[in-house]
Amino acid sequence: MTLSLLLTALLSHWRRRPFQTVSLLLGLAVATALFSGVQALNAAARASYARAESLLGADRFDEITARGGQAILLSDYIALRRAGWRVSPVLEGGSTVDGRPVTLVGVEPLSLPPGALGAGLVDGAAALTGFLAPPWRLFAAPETAAALAGADLPEIQVVEDLPAGTLIGDIAFVSARLDRPEEITRLIVGPRQKPGLDAVETIAPRLVLTPPTGQSDLGSLTESFHLNLTAFGLLSFVVGLFIVHATVGLAFEQRRPLLRTLRALGASNRAVITALVVELLALSTLAGLLGIIFGYLMAAALLPDVAASLGGLYGAPVAGTLSLSPLWWGAGIGISIAGAGLAAAASLWKARGMTILEPVGVEAWRGAEMRRLRVQRLLALALGLVALIGYRTNPGLIGGFILMGGLLIGAALLLPSGLAALLRHLAATARDPLRAWFWADTRAQLGGRSLALMALLLALSVNIGVGTMVEGFRKTFFGWLDQRLAAELYVGGRDRAEAEAIRAWLEARPEVDVLLPIWNADFRYRGWPVGLFGIRDHATYRDNWPILDALPDPWGKVSGGQAALISEQLARRFDLAPGDTLTLPAPEADWPVTIAGIYSDYGNTVGQAIVALPALLERWPEVERLRYGVRADPAMAETLAAELTEALALGDRQVIDQSALKALSRRIFETTFAVTVALNALTLAVAGLALFTSLLTLSATRLPQLAPAWAMGLPRATLARWELQRTVMLAALTALAAIPLGQGVAWILTAVINVEAFGWRLPLFTFPDQWLRLALLALVTATLAAALPVWRLMRLPPITLLRLFSDEK
Amino acid sequence: MRNNLAFAVLAVLCLSGPAAAQGYAGLGQSVEGYATVRPDTPLRFPKDHGAHPDYRIEWWYLTANLRDAAGRDMGLQWTLFRQARAASGPDEGWESRQIWMGHAALTTADTHRSAEIFARGGIGQAGVTRSPLTAGIDDWALVSADETLDQIRVTASGDDFSYDVTLVAEGPLVLQGDRGYSVKSDNGQASYYYSQPHYTLTGTVTRDGEAEAVTGTGWLDREWSSQPLSGDQSGWDWFALTLDDGSRVMMFRLRGTDTFSTGSWTAPGQGPVTPAPGGVTQTPHATHKTPGREIPVRWPLARPEKGLDVEVAALNPDAYMPMVFPYWEGPIRVEGSHSGVGYLEMTGY
């Protein structure tokens, strides 16, 4: 019998059962889609970081900066060049073009190390001429160029690999535009230097040489986020495979007679298996293609959310474009085929061992089931051990995810055992034979349903965990905002003169209680960006600042001038505690301060510290003195803001009242978790689909068990009701089990993963209303999933049940 | 005239589009707005040792033939080029219209080490001052104790070499062409051009960290112009000979539709004599193949009226300068009716 003939026979099954076909293709496609969609999102974001990091070789070349975050002077640069150092100046600064914020990056092409500025952008004479002389030329990413079309700027040349919002131009153009003629932000150090050069510090004492970070800042910062996404993608993939497993299992069961007939007609077992494998390959390739398309659409839909999340959480710029590499297509189809193979392995194994005259029917299920449960329990135990060891030996982010994966899958593997034990107990309490049969039969079904129930358990507990984390974060964050944003108004001048005018105007107003300067110096502490704020000693801070841990009288110590308060992120990153000494790199000389306390600083992507204002100004006399917090009569705040804006002709962003700032922060928070919430919902939907298809599978194999009960006089309606009850009950039990598991997931998220990922720890809350909502959702899903098979059972012609006996099935 | 290289390099660097595509021929580009070279403007010293920013191109070009304690021959090159990329505009600040380029090389019979630097003007990274006279780019410098070229100290370094030499002039400046007005083609293209070919040199050269004392002779060329070549000229061969009898001979030919050749002869204690066109007319005796090009390294040179009939040969045929704009520049030995040393520069091969 030829392969094509066999295939025709096998495929006829799918033609006759379109629903099953759709279910199989959909299951595989959804699994592939979620997995590859998440990969596409990660790839898009990582490509953006790589662009930002490789800009001007920041990831490859040493760098020279000025101590204390100050500007390098032109004279410092010349001194280094005249001493033989091959360095190239870069001037960076924020500016606005037609009201849009842009980052201007000025470079000096004549001294740039080869390859620093991408693929030879200004190599070649014509390119160079237009670049370093009027009318100038700028480089920008396509979306940036498009957004700035028509602006009063030199010609913009589109360069694919640049970070969003960045304009690169000649340093002459940029320094004129920023009005910083004598300043340089950093120096790129050429990869080859001559031997025998004097040290940088000897030539220019204010400057320090730092090696490239090796791994990109953004890359490591956002790693947690991507791990999170990947974990979600994998979880969805696994859940999707449950669907496929159920469908393939169903198809196999339904085609047993066909397979037997084919064997009887002379097809060898090997030929049948080959045909099944070819069929599976064809279907999974088709599903993989579909999945990639779905995945792309999903990724495109979620990308703005992801970009918002990454921007909100880490300040990471992510361009809004996805690119599809051939590798991505290949990987998508590959994962689809691999997934289908995995899901169909059991069925193929069964087909391999099938003899021509194999009796139909359920074998001694109980013994087999017991064996399987035992294996699962052992597996769960092993996984638990692996998770613990993984976490112990690797306590970082990866360890956290290993712990979570181990906990989730271990718990899922234990679920059937737990349910079986419970059902055994219930069966023992049954007083009449029908009840006893009900429980026993429920237990018998457990094997077929356990995969779907495990999928449901996973989806529910992850939902509870993530929901608890997000909700807990929201609660903590909003409470913290209320504490932290205590001033009624926040004002800022565009330059020192305007800031001075604002200060004078406000101080003359009777309703203003006090002006609190918000002045800061920015620098790197052991390579990490830190903002150092100087504060005036005031009750606003003493009463409201969200202190986590402190020495006695922290504010008194700070106002003494030799102590600092530091943010939780800074403390965790460098393992600092109250009482420790922190050495701040002030421009003139290192400045050691005592850490008086640690405060929470949620959502900040960089480190922060607070010292007394006079102490800050003494060491950083050059800080920008532009911004103030204004304490005033709250009732008058709005009027005050309007009058100030009017009187000094300020722009609309220069005066912000407290409620507007809080609203802004909340909005950032919501967009930050939008993608998590969306993926969460998708996973649950996939779990529902898995439950649905597995019940369909079961309903086909259930008839042989139901037929005897019917023959003994149980009406079909009763049988149908009981079927429904079973399903709902199992779903309810699973939902119950998901609650503690979900709380465990939430604990891992808040106590392990968040701390690693963001540098802060949130208190763990419980949200019973959320549990209830999810449990209800699970029950509704289960009821809906069970409804179709039950409805079919009720309408089943008695002859079908009778025929089961005649067929000896 | 060797130093027309600078025209090429800087013109290609700074001219756009079609001009750049012409390579060395781009030097023939006419340029509006720059100061022009005129036959009736006498050179004035020490003022003319300094920069002439209104002319398009200019250089301070030193070559020297050296000998170490063991009697081995070497050569060094130190060059500072200036190019204005626009006829008007600021000379100071980031927006300066001046661009500078430095080339340095140290050549022995079997090694040739070189380095190059680019810098923009106006910020202090490169430039020339007159009082005292200094010319420099990054850490390379040509420094005089006063406003003259009578005694200079010259330093430069690359990844694998450096030198620090002092040169003392044993004779007067030599004004090339007609009192410094040097014609470059039959169409009248010209430059201001003078030399100090009478230096004796002492100092140190360092190769791979090994320093050694050297002595020798040096030849400094100064030249500036705005449009030095005619449009059809694409390369040149330039010779500077320091003969054992004390004469200093300069010869060049510009290769174009017609070959344009001229030079000068400075006998000890006398002023320069500019011979009639001719001098470099015969084909080379031998060439040296390097990847992608074939370079003449053995030349017959003749000046029958001076009784000169010599062959010059490269000390190291591999003295190719692998720069952004590559060329050949290296020490030579002179043998035949006269003996001596010298330098050879060839472009457009």
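Small disclaimer: the values here were computed from a predicted structure and weren't measured.

A. Focus on the overall build of chain A. Across its full length, chain A carries 24 helices and 20 strands. Burial status across chain A gives 44% buried among its 809 residues. Pairs at least 24 residues apart make up 81% of the contacts formed inside chain A by residues separated by at least 6 positions.

B. Representation of the overall build of chain B. From N to C terminus, chain B includes 2 helices and 23 strands. Sequence separation of at least 24 residues holds for 55% of the intrachain contacts in chain B that already meet a minimum separation of 6.

C. Spatial organisation of unusual backbone geometry. Residues and elements named next belong to chain A. Residue Pro135 is reached from Pro134 by a cis peptide bond, and omega for that bond is 5 degrees. With respect to the element layout, Pro135 can be found in the loop between helix 4 (125–131) and strand 5 (137–140). Non-glycine residue Asp179 carries a positive phi angle of around 55 degrees. Relative to the helices and strands, Asp179 is located in the loop between helix 6 (171–178) and strand 8 (183–184). The phi dihedral of Ala649 is positive, around 50 degrees, even though this residue is not glycine. Counting through the fold element by element, Ala649 comes out in the loop between helix 19 (637–648) and strand 20 (655–657).

D. Geometry of the interface of chain B and chain A. Counting residues at the interface gives 24 residues for chain B, matched by 21 residues for chain A. Taken together, the elements giving at least two residues each to the side of chain B that touches chain A come down to helix 1 (4–14), helix 2 (17–21) and strand 4 (112–120) of chain B. When grouped by side-chain class, the residues that make up the side of chain B that touches chain A number 10 nonpolar, 8 polar and 6 charged.

E. Representation of the confidence of the model for chain B in the model. Residues and elements named next belong to chain B. Taken as a whole, chain B shows an average pLDDT of 86; of its residues, 88% reach a score of 70 or greater. Throughout residues 1–28 the model reports pLDDT below 50, and contacts reaching past four residues in sequence, or to other chains, amount to 83 contacts. Taken together, the chains of this predicted complex give a pTM of 0.64 and an interface ipTM of 0.90.

F. The packing of helix 14 (residues 496–507) of chain A against helix 19 of chain A, seen in detail. Residues and elements named next belong to chain A. The N-to-C vectors of helix 14 and helix 19 enclose an angle of 130 degrees; their axes lie 11 Å apart at closest approach. Considering their axes alone, helix 14 and helix 19 lie oblique with respect to each other. At the point where helix 14 passes helix 19, the crossing takes the right-handed sense. Across the interface between the two elements, Ala501, Ile502, Trp505 and Leu506 of helix 14 pack against Leu644, Ala647 and Leu648 of helix 19. Residues that form the contact of helix 14 with helix 19 fall into these classes: 7 nonpolar, no polar and no charged.

G. Layout of the pairing of strand 19 (residues 293–303) of chain B. All names here are of chain B. Here 5 bridges tie strand 18 (residues 286–290) to strand 19, and the two strands are oriented antiparallel to one another. Bridge pairing in strand 19 links His288 to Ile295. Hairpin connection, strand 18 to strand 19: the antiparallel pair is bridged by 2 residues, and Gly292 has positive phi, about 90 degrees. Across 6 bridges, strand 19 lies against strand 20 (residues 308–314) in antiparallel orientation. Residue pairing in the sheet places Trp299 in a bridge with Val312 of strand 20.

H. Broad picture of the environment of A:Asp522. Residues and elements named next belong to chain A. Within the fold, Asp522 resides in strand 12 (residues 512–525). The sequence separation of Asp522 and Val623 amounts to 101 residues, and the corresponding C-alpha distance is 8.9 Å. Setting aside chain neighbours within four positions, we find Asp522 in contact with Gly69, Pro529 and Gly531.

I. Here's a closer look at helix 14 of chain A. The first and last C-alpha atoms of helix 14 of chain A sit 16 Å apart over 12 residues, in line with the 16 Å expected at 1.5 Å per residue. The inward-facing, buried residues of helix 14 of chain A abut strand 11 (489–492), strand 12, strand 19 (627–632) and helix 19 of chain A.

J. Structural view of the confidence of the model for chain A. Residue and element names in this part refer to chain A. In this model, chain A carries an average pLDDT of 81, and 87% of its residues clear a pLDDT of 70 or more. Ranking the helices and strands of chain A by mean pLDDT puts helix 3 (residues 74–82) first, with 95, and helix 4 last, with 70. Below pLDDT 50 for its whole length, residues 359–364 participates in 7 contacts with residues either more than four positions away or in separate chains.

K. View of the packing of helix 12 (residues 397–429) of chain A against helix 13 (residues 433–484) of chain A. All names here are of chain A. Contact geometry of helix 12 with helix 13 gives a least axis separation of 9 Å together with a crossing angle of 155 degrees. If you check the angle between helix 12 and helix 13, you find them roughly antiparallel. The handedness of the crossing between helix 12 and helix 13 is right-handed. Contacts between helix 12 and helix 13 involve Leu408, Ala411, Ala412, Leu415, Pro416, Leu419, Ala420, Leu423, Arg424, Leu426 and Ala427 from the former and Ala436, Trp439, Ala440, Thr442, Arg443, Leu446, Ser450, Leu453, Met454, Leu457, Leu458 and Ser461 from the latter. Grouping the constituent residues of the contact of helix 12 with helix 13 by class yields 18 nonpolar, 3 polar and 2 charged.

L. Local environment of helix 19 of chain A. Residues and elements named next belong to chain A. In a regular helix each residue adds 1.5 Å, so 12 residues correspond to 16 Å; helix 19 covers 16 Å between its end C-alpha atoms and thus fits that length. Buried residues of helix 19: Ala637, Leu640, Ala641 and Leu644, and no others. The buried side chains of helix 19 occupy one side of the element, clustering within an arc of 100 degrees when seen end-on. Opposite the buried face of helix 19, at more than 90 degrees from it, the exposed residues are Thr639, Ala642 and Glu646. Among the structural elements, strand 11, helix 14, strand 19 and strand 20 are those in contact with the buried residues of helix 19. Just downstream of helix 19, Ala649 is the residue with a positive phi angle, here 50 degrees.

M. Seen up close, the nonpolar core. Residue and element names in this part refer to chain A. Counting residues in hydrophobic clusters, the biggest one holds 114 residues, and the most contacted among them are Leu456 and Leu457. In terms of residue count, helix 13 provides more of this core than any other element does, 18 residues in total. A domain split of this core shows at least three residues from each of domain 1 (1–53 + 220–358) and domain 3 (364–483 + 676–809). Residues contacting Leu457, with those up to four places away along its chain left out, are Ala411, Ala412, Leu415, Thr734, Ala737, Ala738 and Leu741.

Reading the values: the criteria
- Residues numbered from 1 in each chain as written.
- Chains lettered and ligands numbered in written order.
- Predicted model: local features only at pLDDT ≥ 70, side-chain atom pairs only at ≥ 80, totals over all residues.
- Helix = DSSP H or I, 4+ residues; strand = E, 2+ residues; numbered from the N terminus.
- Buried ≥ 20, exposed ≤ 12 C-beta atoms within 10 Å, placed from the backbone.
- Contact = placed C-beta atoms within 7 Å.
- Nonpolar A, V, L, I, M, F, W, Y, C, P; charged D, E, K, R; others polar.
- pLDDT = per-residue confidence, 0-100.
- Axes fitted to C-alpha atoms, helices over the stretch in contact; angles between N-to-C directions.
- Parallel < 35°, antiparallel > 145°, perpendicular 65-115°, else oblique.
- Left-handed = near helix turned anticlockwise from the far one by under 90°.
- Pairing = 2+ DSSP bridges.
- Expected span 1.5 Å × (residues − 1).
- Arc of directions from axis to C-beta.
- Core = buried A, V, L, I, M, F, W, Y, C linked by C-beta atoms within 7 Å.
- Domains from an automatic or database assignment.

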